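Each chain, letter by letter, is given below.
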Amino acid sequence: MASAVERDVGKVVEPIWGLRSGFEELSLNKLATSLGASEQALRLIISIFLGYPLALFYRHYLFYKDSYLIHLFHAFTGLSIAYFNFGYQFYHSLLCVILQFLILRLMGRTMTAVLTTFCLQMAYLLAGYYFTATGNYDIKWTMPHCVLTLKLIGLAVDYFDGGRNQNTLSSEQQKYAIRGVPSLLEVAGFSYFYGAFLVGPQFSMNHYMKLVQGQLTDIPGKMPNSTIPALKRLSLGLIYLVGYTLLSPHITEDYLLTEDYENRPFWFRCMYMLVWGKFVLYKYVTCWLVTEGVCILTGLGFNGFEENGKAKWDACANMKVWLFETNPRFNGTIASFNINTNAWVARYFFKRLKFLGNKELSQGLSLLFLALWHGLHSGYLVCFQMEFLIVIVEKKAANLIRESPALSNLASVTVLQPFFYLVQQTIHWLFMGYSMTAFCLFTWDKWFKVYKSVYFLGHVFFLSLLFILPYIHKSMVPRKEKLKKME
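Residues numbered from 1 in each chain as written. Predicted model: local features only at pLDDT ≥ 70, side-chain atom pairs only at ≥ 80, totals over all residues. Heavy atoms only, no water.

The name that an unreviewed UniProt entry assigns to the protein chain is Lysophospholipid acyltransferase 5, with the source organism given as Sciurus carolinensis. According to UniProt, the comment filed for the protein chain under the heading Sequence similarities (unreviewed entry) is "Belongs to the membrane-bound acyltransferase family." According to the UniProt record, the Subcellular location (unreviewed entry) comment for the protein chain is "Endoplasmic reticulum membrane". (UniProt positions renumbered as here; feature names shortened; annotations may be inferred.)

Encoded structure:
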């Protein structure tokens, strides 16, 4: 009898629940359409901003509570955010987290565990890219999974370092090495922390455990005094969000593929690429600033104190906005953009290739890893290949200017410096846009068409400089300067 009643109730509840879900989908869809965005993009934005009420709940009800409650809170909220965005496909991340825990427990602190983790997690991510990839930018489960992949690889490396002789480790490796044995709940809380699950930033297990233990505060024994710093990053993120929302209907990568763009004058095509290249990065800047604010609010952004005793909240900073907006060099953009991911690659990949004995080879392999980590499209490889080429040429040009008396004297003329700055910034953002064209258009038929329309300007310009600069250096740098450098 009871089972019959349950079946009847189920028959009633099921269509009601389906109708409710349908209304939710419809309302989100309508709202997204009115904002000129996709429903998935709207869900992503909602989820990122949801970090603030969750952080406030954590501060007022869980700070200094039992660690298992905090891990449960982080795991549950992260999984809920994953379900809200990707439905039952959240199982991909859950499966990889459980597998990673088993690898740590069964293989221990061994190189085998590190290599197994790297191969398994990267293979799972690349398989996800292969089976879900389209010719457009889609927000799907692989987006947060690439963030998770780095977390889990870093976890395995730090766990391995925790079992090594501490005297053989660098000071950085000692800082991140994990001495204890993480439980499944700890690994889940670390992986699903709501302030970083979707778009980053990266942080270590040790730093996360300090958060759980209440150590990340500028006032020992009390909640961190981080509300104002968090609101500053949130406000800055909102400014970028408004700017991106207002400009996105008018400056799109789709226009690069139109006949109208192709028929425009060459100077116009270059200037459009320059403006678009600068603007397209704002969506990433927005997400990282907003999530950084969440991390600061919880205390995860605490990074010790300055010499004057002022608290630093930049442990989870993924952007140095002033440097990003003002520095006229490509190295400046690299140093100011996606900071934590770049730091992760430097710490766990680039520096671990020291045995190769070749810095440029290690840098090239690191960029190749980054390209594959972003996806399987050829555009990623072309973008990071251009970055590698530009950085090498920029370094050679800087050395030439510094070592040539004539060029260094010219560069130091005060009245000419605004002109030099303008030229540098124009070159900087033109070829940043050129590189981002391949990154955002993904497939070779699209980026090849756009590059052809500007006569492969970036490749021609920097490859030419790569071969010409050594001869210019030889003619403009006096022999005695070279001898002094050798000494």
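K.L.:
I keep staring at the confidence of the model for the protein chain and nothing clicks. Help me out?
P.N.:
Low-confidence regions, as indicated by low pLDDT, have predicted coordinates that should not be scrutinised in detail. Within the protein chain, residue pLDDT values average 90, and 92% of them lie at 70 or more. In the model, residues 1-24 has pLDDT below 50 throughout and makes three contacts with residues more than four positions away in sequence or in other chains. (pLDDT = per-residue confidence, 0-100. Contact = heavy atoms within 4.5 Å.)

K.L.:
Looking at this structure, I do not really get the packing of helix H6 (residues 111-132) against helix H7 (residues 142-161). What am I missing?
P.N.:
A pair of packed helices is characterised by two quantities: the angle between their axes and the separation of those axes. The contact between H6 and H7 brings their axes to 9 Å, and the two run at 175°. Between H6 and H7, the angle falls in the class roughly antiparallel. Here Met111, Val114, Thr117, Phe118, Gln121, Met122, Tyr124, Leu125, Gly128, Tyr129 and Thr132 of H6 lie close against H7, whose contacting residues are Thr142, His145, Cys146, Thr149, Leu152, Ile153, Ala156, Val157 and Phe160. Tallied by class, residues from the contact of H6 with H7 come to 13 nonpolar, seven polar and no charged. (Axes fitted to C-alpha atoms, helices over the stretch in contact; angles between N-to-C directions. Helix = DSSP H or I, 4+ residues; strand = E, 2+ residues; numbered from the N terminus. Parallel < 35°, antiparallel > 145°, perpendicular 65-115°, else oblique. Nonpolar A, V, L, I, M, F, W, Y, C, P; charged D, E, K, R; others polar.)

K.L.:
Please clarify how the nonpolar core should be interpreted in this entry.
P.N.:
The nonpolar side chains of a soluble globular protein tend to be buried with one another. By size, the foremost hydrophobic cluster in this structure holds 126 residues, and its most contacted members are Tyr194, Leu198 and Leu281. When residues of this core are assigned to their parent elements, the largest contribution, twelve residues, is made by H7. Once you skip the residues sitting within four places of it in the chain, Leu198 turns out to touch Leu44, Ser47, Ile48, Ile81, Asn85, Phe86, Met143, Pro144 and Val147. (Core = buried A, V, L, I, M, F, W, Y, C linked by side-chain atoms within 4.5 Å. Buried < 20%, exposed > 50% of the residue type's maximum accessible area, 1.4 Å probe, protein only.)

K.L.:
When you look at the state of the cysteines in this model, what are you seeing that I'm missing?
P.N.:
Throughout this description, disulfide means a covalent bond between two cysteine sulfur atoms. Here the structure, examined in full by the defined rule, presents zero disulfides. In this model Cys316 remains outside any disulfide bridge; the closest cysteine sulfur is found in Cys295, 4.1 Å from its own. The thiol sulfur of Cys383 is not disulfide-bonded, and the nearest other cysteine sulfur, from Cys440, lies at 8.0 Å. Residue classification places Cys383 among the buried positions, given a relative accessible area of 6%. (Disulfide = S-S within 2.5 Å.)

K.L.:
Any chance you could explain the environment of Leu72 here in plain terms?
P.N.:
Within the secondary structure layout, Leu72 lies in helix H4 (residues 67-86). Given a relative accessible area of 42%, Leu72 falls into the partly exposed group. Each C-alpha atom, one on Leu72 and one on Glu186, is 8.6 Å from the other, the two residues being 114 residues apart in sequence.

K.L.:
Where do I start with unusual backbone geometry in this structure?
P.N.:
For residues that are not glycine, phi is negative in most cases, and the peptide bond is trans in most cases. The residue after Gly200, namely Pro201, is reached through a cis peptide bond having omega 15°. Within the secondary structure, Pro201 sits in the loop between helix H9 (184-192) and helix H10 (205-212). Unlike most non-glycine residues, Tyr64 shows phi in positive territory, near 65°. Take Tyr64: it is sitting in the loop between helix H3 (51-62) and H4. Although it is not a glycine, Phe456 adopts a positive phi angle of roughly 50°. The class for Phe456 is partly exposed, based on a relative accessible area of 24%.

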